[in-house]
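Residue-level structural notes
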Amino acid sequence: MSTPEPLDVTTVTLSKPSPDASLLDISALRGTLDAGAPPVNCLKQALEHAGAKLDDRFKDNDDIEAIVRGRAWVVDQILILAWQRQAWPQGDIALVAVGGFGRGELAPHSDIDILLLTKKTPDKAIKAAVSGFLTLLWDIGLEIGQSVRSIKQCVQEASNDITVATALMESRTLIGPDALQEEMYRATTTKRVWPIKKFMRAKWDEQLARHDKYHDIDYALQPNVKTSPGGLRDIQTIAWVAKRHFNASSFRDLQDLGFLTEVERALIDKGQKFLWRVRYGLHLLEGRREDRLLFDKQRELAKIFGYEDDELSLGVEKLMQRYYRTVGTVRGLNDLLLQHFDEVILRADERERITPLNNRFQIHNDSLEVVDNRVFKRSPFALLEVFVLCAQHPEIQGVRASTIRLIRDSRHLIDDEFRADIRCVTLFMELLRSPNKVTFQLRRMARYGILGRYLPEFGKIMGKMQHDLFHIYTVDAHTLQVVENMRRLWLPETAHEFPGVSSVVKNLPKIELLYIAGLYHDIAKGRGGDHSKLGMVDAVNFCERHHLSSWDAKLVSWLVDKHLLMSMTAQRKDISDPEVIHEFASIMGDKLHLDYLYSMTVADIRATNPELWNSWRASLMSQLYTNAKQALRAGLENPQNREERIADKKESAMRALIQRAVEPQQIDALWDNLDDEYFVRESAVNIAWHTELIVKGGDQGPIVALQELTKIDGEGATQVFIYTKDGDFLFANTTAALERLHLNVQGARIFTSSHGYCLDTFTVLEDSGQPVGEVRTRIDEIKQALTESLANKHLPARPPQYRQSRKERYFATKVIVRLSNLPGRAHSTLEINCPDHSGILATVGKIFVEESINIKDARITTLGERVEDLFYISNSDDLPITDEDEADALISTIEEALEKRISG
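Please read these numbers as outputs of a predicted model, since none were measured by experiment.

Thresholds, definitions, all that
- Think of each chain on its own: its residues are numbered from 1, step by step along the sequence as written.
- Since the coordinates come from a predicted model, pLDDT governs what is reported: local features require at least 70, and pairs of side-chain atoms require 80 or more to be given and counted, while whole-chain, interface and lining totals use all residues.
- Side-chain measures were taken over the full set of non-hydrogen atoms in the model, leaving aside hydrogen atoms and water.
- By the criteria applied, helices consist of DSSP H or I runs no shorter than four residues and strands consist of E runs no shorter than two, each listed in order from the N terminus.
- Expected span of a helix, by definition, is 1.5 Å for each gap between consecutive residues, and there is one gap fewer than residues.
- Each residue gets one of three labels from its accessible area relative to the maximum for its type: buried under 20%, exposed over 50%, partly exposed in between, using a 1.4 Å probe on protein chains only.
- Criterion for a salt bridge: a side-chain nitrogen of Lys or Arg within 4 Å of a carboxyl oxygen of Asp or Glu.
- A pair of strands is treated as paired once DSSP finds two or more bridges between them.
- Each axis is a line fitted through C-alpha atoms, taken for helices only over the stretch in contact, and angles between the N-to-C directions span 0 to 180 degrees.
- Whether two residues touch is decided by their heavy atoms; if any such pair falls within 4.5 Å, the residues are in contact.
- The scheme is simple: roughly parallel for angles under 35 degrees, roughly antiparallel for over 145, roughly perpendicular for 65 to 115, oblique for anything else.
- Pairs of N or O atoms are called polar contacts if they sit within 3.5 Å, as long as, within protein, a hydrogen donor faces a hydrogen acceptor (for residues adjacent in sequence, only side-chain-to-side-chain pairs).
- The predictor attaches a confidence to each residue, and that confidence, scored 0 to 100, is pLDDT.
- Only centres within 6.5 Å qualify two rings of Phe, Tyr or Trp (six-membered ring in Trp) as a pair; their planes then separate them into stacked at under 30 degrees, edge-to-face at over 60, and tilted for everything else.
- Two limits define a charge over a ring: the Lys NZ or Arg CZ must be within 6 Å of the ring centre, and within 35 degrees of the ring normal.

1. Concerning helix 3 (residues 64–84)
Its 21 residues place the ends of helix 3 30 Å apart at the C-alpha level, agreeing with the 30 Å of an ideal helix rising 1.5 Å per residue. The buried fraction of helix 3 amounts to 17 of the 21 residues, a majority that puts the element mostly inside the structure.

Pasting the structure below:
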């Protein structure tokens, strides 16, 4: 489009907020002050009275624009009255509102940014008067951000700092000579101070950096209403560029210039008002400036806004879905306008280059463009072709603004007939099979409103919140992140991040089936029922609509159904148990299904929350994959061949020990005291390690030793081995000591020999999620602390003190304890699901002692802010706990103790 001429404006100042006598009776207030009333008390009371009225209007759902501008007007009047109470020296000086205050927009605790503007450099007399003025403002209770500058100093500061230049653009005189502000405005907006191309590039880069801080995701679960992508700052960025280049003071001006349609302007206005309302509510609830939509405030805001729970969703989820859809709309319009500005400002002087692609599209200066405005009406399938061309042509850097608008305006063409069109289904599959930018184009499709219409089931999850601590994104954002992670596993340039999994992904015969499973694995969330089962139906329908084979459809639907199986098996079951591996491998059926599920599981966990993915979880998935693959290769390992399995491990360990000069007689003497369960559950490497330590240590203990699993089998964690005479409080005191050392227990194996010695192995990570490593001082610290705890294993140690964070208090949901008995097992399985908290294991261990419970083995798992611990236990007769009364009593005791511990 041709470059529009700047608007013909007669003023360079912003309009002042409209007076509202119902908020503040200025004449009466001035009369009270003139009568000698103390300024601080008088002005403070007036400010609080007006603020309370505005807060009531907010609660009554009055027009939010009138409220935020009304607050700015009240502050204007308070500042003017305070100014008039101050004795000012001779000379030109003006009080100027800048930034958000200059725009006339204030939430309850917004910064009130003012500039005390002088003609010449401020002298001592002016600075002294300013000091008295600011003291009065602070005493009143205003949160002031201030600067005292001459016009020349303003020019210097604006030239050096884009933030200052932007704030001064949004300035208006409160009191004093208007000419000062007008001269300052002209001086700081000339071409010599931030030429328009440089200004726009700086603001765009500023936005990119801000978005990057939030991983360029609109839909984080605790967003910042001001600075997150799609937030108020994105709206302001557009306004700043428009004001700087076109003298546009409103979005209506941009509409007059041809950059916005009436519908688009209405969408921006509606979005801005909603975001204002959310921000105002946050400030009101918090009693201070708070722009983050934290979980606890989301619930309170939902109540204020009238959102209620129902069978399918919580009120807070409804509020947040509206928020996410609002910021998605703002983000899309921000993209559209910045692309417009890029064409008419940054690229205004470029020579026009047109490269035809087909009879519908051409490349216009590196951006894709329709050949005319009737393309989509003639050929609706071209709405999908846009994204396929962008993926297939690396030279295409973007989409022209006029084409983006045409796409948005043509979305109504996507209906059932469109979805069934062979050209459309072929294009979508072609996109999924493209070698480049698949996820980027899927995200672009979502932002332009195409993906949610082409896949209506995806449209239903757009902006849908997942109100837990595991997920940090909405369902749709998480879904697209899963696909991106799948891409990273497949692409050569990122394969080094996950070498083991990447080699598996590269051998998948149809990578697009993995992407489809990723798109559909959570598609049914929020409908009620099992989302995996419901999602299977949608996945099959997709495959049939896109003419995939029956085998392809069954594989995709199977992946959707089983997408949680591998992570749950690895993190909640003993994956060294042959029966567990047999059961898991039987469900896999063949290596191909195992390969697909392994690839999907890794991508899914990493997209849930980056903090959930650490070296230990990576090693768990790898170990389960390897064990299952071996079982499949062997025709599924027979869980009955315990004797052969034990003999094989003993033989391997014996060979290793003899090479280390350990006498066979000593080895046999020790092993004779160990149950078969030890040899079944421990690896040959660990058996050799334990045996060598015990034999060379004199068989009396105590022994505390550490080893890095990375050195043994590539797993990323540290094992702590303890060998000592059994004691009543051994487990409880050991776990308490590990917690004091800030070591997070990821797994535990507990064995007791026939001669009364314990062989306990704890798999641990540092708070950082990394192994302990080779730092000698840290290793010595751990050994010393654990050795000291072993000396007191017959006395209970006090669990370490712990202060809950705000997030932990908010998500301190109830403790869940279950006890189950499987046929043929010599133990009961105790499952504990509760918020992660220091002292949990120590508290449980203490109860086991008091209730005469024997620990056979333990499985410790941390998921986000919760723990899911499994204990294999027996009663005092070394039998499973099958008596219902005994089981119920144990469950109640544990629940009560843990709830008391967690509540602090």
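2. Considering the pattern of salt bridges
Scanning all chains against the criterion turns up 52 salt bridges. Between R400 and E369 there is a salt bridge, with the nearest N and O atoms lying 3.6 Å from each other. Separated by 31 residues along the polypeptide, R400 in the loop between strand 8 (398–399) and helix 17 (401–409) and E369 in strand 7 (residues 367–370) bring together distant segments of the chain. Per residue, the accessibility class of R400 equals that of E369, and both read buried. One network of salt bridges, in which partners are shared, links E65, R69, R103, E105, E170 and K273.

3. Quick word on the sheet that holds strand 4 (residues 172–175)
Pairing within the open sheet is mixed, and its four strands lie in the order 3-2-1-4. Two strands bound the open sheet, and with one partner strand each, they are strand 3 (144–150) and strand 4. Direction aside, neighbouring strands of the sheet carry axes that sit 35 degrees apart on average. In terms of strand pairing, strand 1 (residues 93–97) meets strand 4 through three bridges, oriented antiparallel. The residue of strand 4 that forms the bridge with L95 is I175. Strands strand 1, strand 2 (112–118), strand 3 and strand 4 of the sheet are contacted by helix 3, whose axis makes an angle of about 50 degrees with strand 4. Sheet contacts for helix 8 (residues 178–188): strand 1, strand 2 and strand 4; angle to strand 2, the most-contacted strand, approximately 100 degrees.

4. What about the packing of helix 13 (residues 295–304) against helix 14 (residues 315–346)?
Between helix 13 and helix 14, whose axes approach to 8 Å, the crossing angle comes to 90 degrees. Classified by the interaxial angle, the pair formed by helix 13 and helix 14 is roughly perpendicular. Facing helix 13, whose interface residues are Q298, R299, L301 and A302, helix 14 presents G315, V316, L319 and M320.

5. Structural notes on the environment of L180
The residue L180 is located in helix 8 in this model. Taking the C-alpha atoms as reference points, L180 and A94, separated by 86 residues in sequence, lie 7.0 Å from one another. Not counting residues within four places of it along the chain, the set of residues in contact with L180 comprises D92, I93, A94, L117, T118, K119 and I151.

6. Some words on helix 30 (residues 591–608)
With 18 residues, helix 30 should cover 26 Å at 1.5 Å per step; its first-to-last C-alpha distance of 26 Å lies within 8% of that length. Extensive coverage of helix 30 is indicated by the burial of 15 of its 18 residues. Its side-chain oxygen 3.1 Å from the backbone nitrogen of L592, D590 forms the N-cap of helix 30.

7. So, the environment of V130
Of note, V130 is situated in helix 5 (residues 124–140). In this structure, the C-alpha to C-alpha distance between V130 and Q86, residues 44 residues apart in sequence, is 8.7 Å. Setting aside chain neighbours within four positions, we find V130 in contact with W88, L116 and V148.

8. Focus: the sheet that holds strand 7
Either a parallel or an antiparallel arrangement is found when strands of a sheet pair, and the pairing is made through backbone hydrogen bonds. Pairing within the open sheet is mixed, and its four strands lie in the order 5-6-7-8. Each having just a single partner strand, strand 5 (354–356) and strand 8 make up the two edges of the open sheet. As paired elements, strand 5 and strand 6 (residues 361–364) share three bridges and run antiparallel to each other. From the neighbouring strand, P356 faces strand 6, where its bridge partner is Q362. Against the sheet, helix 16 (residues 382–392) contacts strand 6, strand 7 and strand 8, and its axis sits at roughly 45 degrees relative to strand 6.

9. Remarks on the side chain of S434
By the secondary structure assignment, S434 is in the loop between helix 19 (422–432) and helix 20 (438–447). According to the relative accessible area criterion, S434 is buried, its value standing at 3%. Within the structure, the side chain of S434 is placed 2.8 Å from the backbone oxygen of E430, a separation counted as a polar contact. Ignoring sequence-local partners within four residues, the contact set of S434 consists of A391, Q392 and R487.

10. With respect to the confidence of the model for the chain
Averaged over the chain, the pLDDT score is 87; the fraction of residues at 70 or greater is 91%. Under a pLDDT of 50 for its full length, residues 7–13 has, in the predicted model, twelve contacts with residues more than four places off or in other chains.

11. Quick word on unusual backbone geometry
Glycine aside, the phi torsion of most residues is negative, and most peptide linkages are trans. Although it is not a glycine, N61 adopts a positive phi angle of roughly 65 degrees. In this structure, N61 sits in the loop between helix 2 (39–59) and helix 3. Accessibility expressed as a relative area gives 54% for N61, which makes it exposed. A positive phi is found at N365, a non-glycine position, where the angle reads about 50 degrees. Given a relative accessible area of 7%, N365 falls into the buried group.

12. Looking at the environment of D366
Relative to the assigned elements, D366 resides in the loop between strand 6 and strand 7. Looking at D366, the relative accessible area reads 28%, which means it is partly exposed. On a C-alpha basis, the gap between D366 and I354 in space is 8.8 Å, while along the polypeptide they are twelve residues apart. Setting aside its immediate chain neighbours within four residues, D366 contacts R347, R353, E395, I396, Q397 and G398.

13. Side note on the packing of aromatic side chains
Counted by the stated rule, this structure contains 25 aromatic pairs. Residues W83 and W88 carry aromatic rings whose centres are separated by 3.9 Å and whose planes lie at 20 degrees to one another, so their mutual orientation is stacked. For the pair W671 and F679, a centre-to-centre distance of 5.6 Å together with 75 degrees between the ring planes defines the contact as edge-to-face. Taken individually, W671 and F679 each receive the classification buried, so the pair is uniform in this respect. Looking at K198, its charged tip hangs above the ring of W194, at a distance of 5.0 Å from the centre.

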